[in-house]
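Coordinate inspection notes
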Amino acid sequence: MKGIWMMFVVLSMSFTLGAQKKKELTTAVNVNYCLPKVVYDIEVELECAQCIPGPYHHYAQKELGLTPEITSPKQEWSIKKIQVKPRSVPDEKAVYAVSAGGDYLPVLLSLSAEGFLAGVSAGESGIFNAVEKKDYVSPATAEQREINIMKFNTYNHLKEVLDTNYTYQEIDGVMKKIWDPIVRYTPKTETDNVKEVVSEIFRIRSERVKLLGAENNVPDGKSLEIILKEFDRMEADYLSLFMGRKEKYYIKQVFSCTPEKASEPVVAFRFSENEGISGTKNVTTQPYMLRIENVVVPASTPVDGESGGAAIYYRIPATGELELLKGKEVLLTMPVIVPQLGEIKKFPVDIISNEGLSIEFYPQYGALRSVKKK
């Protein structure tokens, strides 16, 4: 929560009750405040595996005797972590004003930065909200990638071609026709690439066996470890041309959800393994919902916001258990305080002023914290 700043406002009331009068106000003054409600931020950590087919996957069975699992591009999504965090926001249905005009009595208000009521005549002892810090994580972009042999450091995309060419030379007094080919380089074809890659895969495996058998006179230790690691990387690169590969990235997304009724689930987001996060109206995907169960409100009678004289309004919050649902499956349960499911009460201003009371509230819930004589 943001830090509370203290705003001291001298309010005037049009009642007397024997208290000393101040100078009469000719201009009406209104001071507005609001009561909070709680919304829940659902932070979802997602993993996306981008399945990339190899360009030579149709040669895998013939050349390597292997059947690739990845033959077409696709995405595989999974949820790794879900966190639910409460956050207090102004309740647009619980906005009040204290008006002053004519003769008035002084009343001191303390408000939070959000406009929540923190205290009445509380002086410097008002309640301050803790500062909440959040990190923003930029979501990764799901790009369609491809496995390209041209990006391999060990690959040469050109091959040597010898063009037929003849010259004539005099040998032992006789002119003879001599083959003198012209060397040029042309790009390799797909067939050339497949043959070269298959040859490299088997060469790497053969060299690895010789290294492990100590046949190449390579000393044990770090040198051998580096060579074997590089062979593994090269083989994985070449095999990916046939078998494809998966590239993983992670993103975070935050959704806000506001329960308004007890035992009524509210959809926070929807998810599928093929699409990831989808819209809340996409009924073909799995819903993740919040629900408040076992709601309890202390026995009392709610007040009519328009009845009676000048008053300070506050809440008696409800308590309950917040459930995170995956369809009908309960993933987690946590105890919560839910102001909007509670009741609204009022404290008459004339009693506060004439009795010299100091009242403090919990700004994040709108509930009474203390009532005492100044």
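Just so it is clear, the model here is predicted, and its values are computed rather than measured.

Thresholds, definitions, all that
- Along each chain, residue indices are assigned from 1 in the same order as the chain's sequence is written.
- Only residues with pLDDT of at least 70 are given local features in this predicted model, and only at 80 or more are side-chain atom pairs given and counted; all residues enter the totals for whole chains, interfaces and linings.
- Remark: hydrogens and water are excluded; side-chain values derive from all non-hydrogen atoms of the structure.
- Take the buried Ala, Val, Leu, Ile, Met, Phe, Trp, Tyr and Cys residues and link them wherever side-chain atoms come within 4.5 Å; each set so joined is a nonpolar core.
- Burial status follows relative accessibility: with a 1.4 Å probe on protein chains alone, a residue under 20% of its type maximum counts as buried, one over 50% as exposed, and anything between as partly exposed.
- Only DSSP runs of H or I with at least four residues qualify as helices, and only runs of E with at least two residues qualify as strands; both kinds are numbered from the N terminus onward.
- Centres within 6.5 Å make a pair out of two Phe, Tyr or Trp rings, where for Trp the six-membered ring is used; the pair is then stacked when the planes are under 30 degrees apart, edge-to-face when over 60, and tilted otherwise.
- Every axis corresponds to a line fitted to the C-alpha atoms, with the helix fit spanning only the stretch in contact, and the corresponding angles, defined between N-to-C directions, vary from 0 to 180 degrees.
- Here is the rule for angles: anything less than 35 degrees is roughly parallel, anything more than 145 is roughly antiparallel, 65 through 115 is roughly perpendicular, and the remaining ranges are oblique.
- Here is the rule for handedness: rotate from the far helix to the near one, and if that takes an anticlockwise turn smaller than a right angle the crossing is left-handed, while a clockwise turn gives right-handed.
- Only heavy atoms matter for contacts: two residues are in contact if any of them lie within 4.5 Å across the pair.
- Under the scheme applied here, ten amino acids are nonpolar (Ala, Val, Leu, Ile, Met, Phe, Trp, Tyr, Cys and Pro), four are charged (Asp, Glu, Lys and Arg), and all others, including Gly, are polar.
- Take the number of residues in a helix, subtract one, and multiply by 1.5 Å to get its expected span.
- Distance thresholds for patches are 9 Å for like charges and 5 Å for nonpolar side chains (Val, Leu, Ile, Met, Phe, Trp, Tyr), applied to residues having over 30% relative accessible area and no salt bridge.
- For the accessible areas, the method is Shrake-Rupley and the probe is 1.4 Å, while residue cover comes only from the protein chains on display.
- In the sections that follow, a salt bridge refers to a side-chain nitrogen of Lys or Arg positioned within 4 Å of a carboxyl oxygen of Asp or Glu.
- Confidence of the prediction at every residue is given by pLDDT, a number between 0 and 100.

Section: the nonpolar core
Tyr40, Ile42 and Phe269 are the most contacted members of the largest nonpolar core, which has 25 residues in total. Contributions of two or more residues to this core are made by strand E1 (25-52), strand E2 (74-102), strand E9 (245-257), strand E10 (266-272), strand E12 (286-296), strand E13 (311-326) and strand E14 (329-348). Sorting elements by how many residues they give to this core places E1 first, with 6 residues.

A few points about the packing of aromatic side chains
Within this structure, the stated rule accounts for 9 aromatic pairs. Relative to Tyr313, the ring of Tyr96 has its centre 4.4 Å away and its plane inclined at 10 degrees; by these criteria the two rings are stacked. Taken together, the positions of Tyr96 in strand E2 and Tyr313 in strand E13 put the pair 217 residues apart, joining distant regions of the chain. The buried category is assigned to Tyr96, whose relative accessible area is 14%. Residue Tyr313 is classed as buried on the basis of its relative accessible area of 7%. Geometrically, the ring pair formed by Phe271 and Tyr288 is edge-to-face, given 6.5 Å between the ring centres and 85 degrees between the ring planes. Of this pair, Phe271 sits in strand E10 while Tyr288 sits in strand E12, and the two are 17 residues apart along the sequence. Exposure remark for Phe271: the relative accessible area of 8% places this residue in the buried category. Among the aromatic side chains, those forming a connected cluster through ring pairs are Phe255, Phe269, Phe271 and Tyr288.

A look at the packing of helix H2 (residues 190-212) against helix H3 (residues 222-243)
Interhelical geometry of H2 versus H3 gives an angle of 155 degrees and a closest axis separation of 10 Å. As the angle between them shows, H2 and H3 are arranged roughly antiparallel. The crossing of H2 and H3 is left-handed. Packed against H2, whose contacting residues are Val194, Val197, Val198, Glu200, Ile201, Arg203, Ile204, Arg205, Glu207, Arg208, Leu211 and Leu212, the element H3 presents Leu224, Ile227, Leu228, Phe231, Asp232, Met234, Glu235, Tyr238, Leu239, Leu241 and Phe242 at the interface. By residue class, the composition of the contact of H2 with H3 is 16 nonpolar, no polar and 7 charged.

A word on H2
Taking 1.5 Å per residue, 23 residues should reach 33 Å; H2 reaches 33 Å between its end C-alpha atoms and fits that length. Burial in H2 covers these residues: Asn193, Val194, Val197, Val198, Glu200, Ile201, Ile204, Arg208 and Leu211.

Section: the side chain of Lys188
Relative to the helices and strands, Lys188 resides in the loop between strand E8 (182-187) and H2. A relative accessible area of 17% places Lys188 in the buried class.

A closer look at a nonpolar patch on the surface
Together, Leu158, Leu162, Tyr166, Trp179, Val183 and Tyr185 line one region of the surface with nonpolar side chains, adding up to about 610 Å² of accessible area. Inspection of the secondary structure puts Val183 in strand E8. Overall, the relative accessible area of 45% leaves Val183 in the partly exposed class.

Some details on unusual backbone geometry
With a phi angle near 65 degrees, Ser263 is a residue other than glycine that sits in the positive phi range. Along the chain, Ser263 falls in the loop between E9 and E10. Unlike most non-glycine residues, Asn294 shows phi in positive territory, near 55 degrees. Mapped onto the elements of the fold, Asn294 is located in strand E12. The exposed category is assigned to Asn294, whose relative accessible area is 53%.

Some points on the pattern of salt bridges
Oppositely charged side chains can pair when the atoms bearing their charge come close. Scanning all chains against the criterion turns up 21 salt bridges. Among the ionic pairs, Lys252 bridges to Glu45, the shortest N-O distance being 3.8 Å. Within this pair, whereas Lys252 is found in strand E9, its partner Glu45 is found in strand E1, the two being separated by 207 residues in sequence. On the basis of relative accessible area, Lys252 is assigned to the partly exposed category, the value being 32%. Judged by its relative accessible area of 23%, Glu45 falls in the partly exposed class. Linked by salt bridges that have partners in common, Arg205, Arg208, Asp232 and Glu235 make up one network.

As for the confidence of the model for the protein
Looking at the protein, the pLDDT average stands at 78 and 78% of residues meet or exceed 70. No element of the protein has a lower mean pLDDT than strand E5 (residues 158-163), which averages 74, and none a higher one than E12, which averages 93. Here residues 1-21 is a poorly scored stretch, pLDDT under 50, and it has 82 contacts once near neighbours within four places are set aside; other chains count.

Let's talk about the environment of Gln253
Among the structural elements, Gln253 can be located in strand E9. For Gln253, a relative accessible area of 27% puts it in the partly exposed group. With 211 residues separating them along the chain, Gln253 and Ile42 place their C-alpha atoms 8.2 Å apart. Those residues in contact with Gln253, other than ones at most four positions away along the chain, are Ile42, Glu43, Val44, Leu46 and Ile277.

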